[in-house]
Amino acid sequence: MTITSHSGRSIDEVTVEAARGGDLTLDDIRISRDTLISQAEAAERTGSEQLGLNLRRAAELTALSSDDMLAAYEALRPGRSTFSELEALAQRLAAQEAHTCAQLVREAAAAYRRRGLLR
């Protein structure tokens, strides 16, 4: 398996020297979707289903902007969103091909409703 950054740079190109020299961008130090999927598959092969699922969700999140990702995390904090707002977030995630993340948001919304944690 070749490990690459989100920008496609090889792991060998992401060095302290490159960072000091200003040769790296944020996408050069972000992990790629393909690398996360490979890690998920490896975890699943060894019986670590939950780790595999977490890595698949992380792979989906690579398609989101930093602002969208932070907004999603904020929305998921207890007491921050209504059920409808969480459902709208799940729909936005699904529209961006983040289906397992969307399912997680829907499960959280249902749990928050049961436990009285919605806004």
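So, how was this worked out
Residues numbered from 1 in each chain as written. Predicted model: local features only at pLDDT ≥ 70, side-chain atom pairs only at ≥ 80, totals over all residues. Heavy atoms only, no water. Salt bridge = Lys/Arg side-chain N within 4 Å of Asp/Glu carboxyl O. Helix = DSSP H or I, 4+ residues; strand = E, 2+ residues; numbered from the N terminus. Buried < 20%, exposed > 50% of the residue type's maximum accessible area, 1.4 Å probe, protein only. Expected span 1.5 Å × (residues − 1). Contact = heavy atoms within 4.5 Å. Axes fitted to C-alpha atoms, helices over the stretch in contact; angles between N-to-C directions. Parallel < 35°, antiparallel > 145°, perpendicular 65-115°, else oblique. Nonpolar A, V, L, I, M, F, W, Y, C, P; charged D, E, K, R; others polar. 1 Å grid on protein atoms, 1.4 Å probe; cavity = no way out; pocket = protein on both sides within 12 Å on 5 of 7 lines; lining within 4 Å. Points joined across faces, edges and corners; volume = space filled by probe spheres on them. Phe/Tyr/Trp six-rings, centres within 6.5 Å; stacked < 30°, edge-to-face > 60°. Lys NZ or Arg CZ within 6 Å of the ring centre and 35° of its normal.

In the annotation of an unreviewed UniProt entry, the protein is listed under the name Propanediol dehydratase small subunit and assigned to Mycolicibacterium smegmatis.

Enquirer: Just to check I follow, could you spell out the pattern of salt bridges for this structure?
Expert: In a structure, side chains of opposite charge can pair up when their charged atoms sit close to one another. On inspection of all chains with the given rule, the structure shows six salt bridges. Where arginine 56 meets glutamate 44, a salt bridge forms, and the shortest distance between an N and an O atom there is 2.8 Å. Of this pair, arginine 56 sits in helix H4 (residues 49-61) while glutamate 44 sits in helix H3 (residues 33-45), placing them 12 residues apart in sequence. A relative accessible area of 28% places arginine 56 in the partly exposed class.

Enquirer: Could you clarify how one ought to interpret H4 in this entry?
Expert: Think of an α-helix as turning once every 3.6 residues; residues three or four places apart then point the same way. An ideal rise of 1.5 Å per residue puts 18 Å on 13 residues; H4 measures up with 19 Å between its terminal C-alpha atoms. Taken together, the buried residues of H4 touch H3, helix H5 (66-75) and helix H7 (99-115).

Enquirer: Hey, could you run me through the environment of glutamine 39 in this one?
Expert: With respect to the helices, strands and loops of the structure, glutamine 39 is situated in helix H3. Spatially, the C-alpha atoms of glutamine 39 and glycine 22 are 29 Å apart, while their sequence positions differ by 17 residues. Apart from residues no more than four positions distant in its own chain, glutamine 39 is found in contact with Ile31 and Leu55.

Enquirer: I keep staring at the environment of aspartate 23 and nothing clicks. Help me out?
Expert: Of note, aspartate 23 is situated in the loop between helix H1 (16-20) and helix H2 (26-29). Note on aspartate 23: relative accessible area 48%, which makes it partly exposed. As for aspartate 23 and glutamate 13, which are separated by 10 residues in sequence, their C-alpha atoms are 9.7 Å apart. Beyond its immediate sequence surroundings of up to four residues, aspartate 23 is in contact with Arg9, Ala18 and Asp28.

Enquirer: Honestly, the packing of helix H6 (residues 83-95) against H7 in this entry has me stumped. Any pointers?
Expert: Two numbers describe a pair of packed helices, the interaxial angle and the distance between the axes. Where H6 meets H7, the axes come as close as 7 Å, and the angle between the chain directions of the two elements is 170°. Classed by the angle they form, the pair H6 and H7 counts as roughly antiparallel. Contact with H6, carried on its side by Phe83, Leu86, Glu87, Leu89, Ala90, Gln91, Leu93 and Ala94, involves His99, Cys101, Ala102, Val105, Arg106, Ala109, Ala110, Tyr112 and Arg113 of H7 and no other residues of that element. Per-class residue counts for the contact of H6 with H7 are 12 nonpolar, two polar and three charged.

Enquirer: Teacher, can you tell me more about the layout of surface pockets here?
Expert: To find the voids left in a structure, one rolls a probe of water-molecule size over its atoms. In this structure, the largest pocket spans a volume of roughly 180 Å³. Around the largest pocket sit Asn54, Arg57, Ala58, Leu61, Met69, Ala72, Tyr73, Leu76, Leu93, Cys101, Leu104 and Val105, which together line it. Broken down by secondary-structure element, the contributors of at least two residues to the lining of the largest pocket are H4, H5 and H7. For the lining of the largest pocket, the element with the most residues is H4, which contributes four residues. Class assignment for the residues of the lining of the largest pocket results in 10 nonpolar, one polar and one charged.

Enquirer: Explain the packing of aromatic side chains here, please?
Expert: The geometry of an aromatic ring pair is captured by the separation of the ring centres together with the interplanar angle, meaning the angle of the planes. Counting across every chain of the model gives zero aromatic pairs. A cation sits over an aromatic face here: arginine 113 above phenylalanine 83, 3.6 Å from the ring centre.

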